[in-house]
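# Chains, contacts and geometry: an overview
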Amino acid sequence: MAQPWVLWALAVVYVFWGTSYLAIKQAGQDFPPMMLVGLRNLLAGGLMLLLAWMLKRPFGTFRQGMNASCVGVLMIAVGASLLAMGIRYVDSGFAAMLFATVPVAVCLMVAVTGSRIVLMQWLGTLVGVLGLVLMNKDIDGSLQSAGMWLILAAVIATAASAVMMDRMPMPGDLIVATGVQMVAGGAVACIVGWMLGERIEEVGFSAWMAWLYLSLMVSVLGYMSYTYLLLKTGPVLASSYAYVNPPVALLAGAAMLGESVTSSGLFSMVLVLLGAMVVLWGTPAQRAQASSSADQFMKKANT
């Protein structure tokens, strides 16, 4: 039987990361997208680095810090910002289903860079792409279409940063690495957003609460729970959120925002999740790499 703390950690990751899409959509009603991403990652990353300093965790070399910063800029300033832009035009549950294709995108990028991809992974990729095609049939209007393409671009940016992370020396401590990525990506997102004319004007109570929820509960507490799962149970159970978060997001959006759930949408979600699962479980060696890449996505796309 699983230890109580393991069960609590799983619940935190499932619920907080699964509802993060809902919170992003809620906060994005008043926060401009890049400022939303930048400020919450600056706060969360700063708290993570403060925690690492208090725990006397090793911060690694300057080169490792720069590598983590580059990954954070691509994953957060590009990937998470594109998500925040795209989710304004689509349902939060739909956005979560699109992001479930990250392992598929990682698989394709690994293949492009010359690594061998086994048959099961190609099969999972085809199933995931079929799910995306069926999702596209539910798109109604140019704005929703634009939102879908923005989110798919976010998936590509996030998958690319995950592949980069697998191939670059990073700080050995998970808390330090994530904190550096959050601070670097958040700072660049704020700067670029300001240069593009984004300004925070009147922010309602619900938007502030959503922002705090994303910064503290989703990013800090969610990531600490994820790290605990990694250390206590390994990557397989820890990465199970990739299959649970989309249904949680779909149900949360329907319950709290009145988002519609069609039968074709549910079927598309099943195909996307099935494709991701097949990719992740393709081979033992590549399973760990795909799980790691998907994990890095969720830590930043949801954080």
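Because the structure is predicted, anything quoted here is derived from the model rather than measured.

## Observations regarding the packing of helix H3 (residues 33-54) against helix H9 (residues 174-195)
Following both chains from N to C, one finds H3 and H9 inclined at 150 degrees, their axes separated by 7 Å at the closest point. Comparing the axis directions of H3 and H9 gives the class roughly antiparallel. When you trace H3 past H9, the crossing you get is left-handed. Classifying every residue of the contact of H3 with H9 by side-chain character gives 20 nonpolar, seven polar and no charged.

## With respect to the packing of aromatic side chains
Inspection of the entire model under this criterion finds six aromatic pairs. Each ring, one from Phe31 and one from Trp208, has its centre 5.2 Å from the other, and the planes form 90 degrees; the classification is edge-to-face. Here Phe31, found in the loop between helix H2 (20-27) and H3, pairs with Trp208, found in helix H10 (residues 205-233); they are 177 residues apart in sequence, far enough to count as distant. Centre to centre, the rings of Phe31 and Trp211 are 6.3 Å apart; their planes meet at 20 degrees, and the pair counts as stacked. Placement of Phe31 in the loop between H2 and H3 and of Trp211 in helix H10 is noted, with a sequence separation of 180 residues between them. Considered together, Phe31 and Trp211 belong to a single accessibility category, that of buried residues. Site record: aromatic cluster; members linked through ring pairs are Trp17, Tyr223 and Tyr226. Positioned above the aromatic ring of Trp194, the side-chain terminus of Arg199 is 3.4 Å from the ring centre.

## As for the nonpolar core
Membership of the largest hydrophobic core comes to 74 residues, with the highest contact counts inside it found for Tyr21, Leu83 and Phe99. Top element by residues in this core is helix H4 (residues 62-86). It accounts for 10 residues.

## Let's talk about the confidence of the model for the protein
For the protein, the average pLDDT comes to 81, and 82% of its residues sit at 70 or higher. Ignoring residues within four places in sequence, the model shows residues 283-298, a span with pLDDT below 50, making 37 contacts including any to other chains.

## Brief notes about the pattern of salt bridges
Under the definition given, this model contains one salt bridge. Residue Asp173 pairs with Arg57 through a salt bridge whose shortest N-O separation is 2.7 Å. Here Asp173 is found in the loop between helix H8 (142-167) and H9, whereas its partner Arg57 is found in the loop between H3 and H4, with 116 residues between them in sequence. Residue class for Asp173 comes out buried when judged on its relative accessible area of 10%. We classify Arg57 as partly exposed; its relative accessible area is 31%.

## Details of unusual backbone geometry
Among all residues except glycine, the phi angle is most often negative; among peptide bonds, the trans geometry is most common. If you check the backbone angles, Lys56 has positive phi at about 60 degrees while not being a glycine. Among the structural elements, Lys56 can be located in the loop between H3 and H4. With relative accessibility at 76%, the residue Lys56 sits in the exposed group.

## A word on a nonpolar patch on the surface
A contiguous nonpolar surface patch, about 1,200 Å² in accessible area, is contributed by Leu47, Leu50, Trp53, Met54, Phe59, Phe205, Trp208, Met209, Leu212, Leu216, Met217 and Leu221. Counting only elements with at least two residues in the nonpolar patch, the list comes to H3 and H10. Along the polypeptide, Met209 turns up in helix H10. On the basis of relative accessibility, which here comes to 37%, the residue Met209 falls in the partly exposed class.

## Description of H4
Here H4 spans 34 Å end to end across 25 residues, near enough to the 36 Å set by a 1.5 Å rise per residue. Residue Gly72 marks the point of greatest curvature in H4, where the axis turns by about 25 degrees.

## Notes on the environment of Val192
Checked against the element boundaries, Val192 lands in helix H9. By relative accessible area, which is 32% here, Val192 ends up partly exposed. As for Val192 and Met35, which are separated by 157 residues in sequence, their C-alpha atoms are 8.9 Å apart.

## A look at H3
Helix length check: H3, at 22 residues, gives a terminal C-alpha distance of 32 Å against a target of 32 Å (1.5 Å per residue), a fit within 8%. Count one or two residues on from H3 and you reach Lys56, which has phi positive near 60 degrees.

## Quick word on the packing of helix H1 (residues 4-18) against helix H12 (residues 241-257)
Each pair of packed helices can be summarised by the angle the axes make with each other and by the distance between the axes. Look at H1 against H12: their axes get within 8 Å of each other, and the N-to-C directions meet at 45 degrees. Compared by their axis directions, H1 and H12 come out oblique. Crossing of H1 over H12 shows right-handed handedness. Together, Val13, Tyr14, Val15, Trp17 and Gly18 of H1 and Tyr241, Val244, Asn245, Val248 and Ala249 of H12 make up the contact between the two elements. Residues belonging to the contact of H1 with H12 are distributed by class as follows: eight nonpolar, two polar and no charged.

Here is what the cut-offs are and how they apply
- Residues numbered from 1 in each chain as written.
- Predicted model: local features only at pLDDT ≥ 70, side-chain atom pairs only at ≥ 80, totals over all residues.
- Heavy atoms only, no water.
- Axes fitted to C-alpha atoms, helices over the stretch in contact; angles between N-to-C directions.
- Helix = DSSP H or I, 4+ residues; strand = E, 2+ residues; numbered from the N terminus.
- Parallel < 35°, antiparallel > 145°, perpendicular 65-115°, else oblique.
- Left-handed = near helix turned anticlockwise from the far one by under 90°.
- Nonpolar A, V, L, I, M, F, W, Y, C, P; charged D, E, K, R; others polar.
- Phe/Tyr/Trp six-rings, centres within 6.5 Å; stacked < 30°, edge-to-face > 60°.
- Buried < 20%, exposed > 50% of the residue type's maximum accessible area, 1.4 Å probe, protein only.
- Lys NZ or Arg CZ within 6 Å of the ring centre and 35° of its normal.
- Core = buried A, V, L, I, M, F, W, Y, C linked by side-chain atoms within 4.5 Å.
- pLDDT = per-residue confidence, 0-100.
- Contact = heavy atoms within 4.5 Å.
- Salt bridge = Lys/Arg side-chain N within 4 Å of Asp/Glu carboxyl O.
- Patch = residues over 30% accessible without salt bridge, like charges linked within 9 Å, V, L, I, M, F, W, Y side chains within 5 Å.
- Areas by Shrake-Rupley, 256 points an atom, 1.4 Å probe, with all protein chains shown as cover.
- Expected span 1.5 Å × (residues − 1).
- Bend = angle between axes of the 7 residues up to and from the residue.

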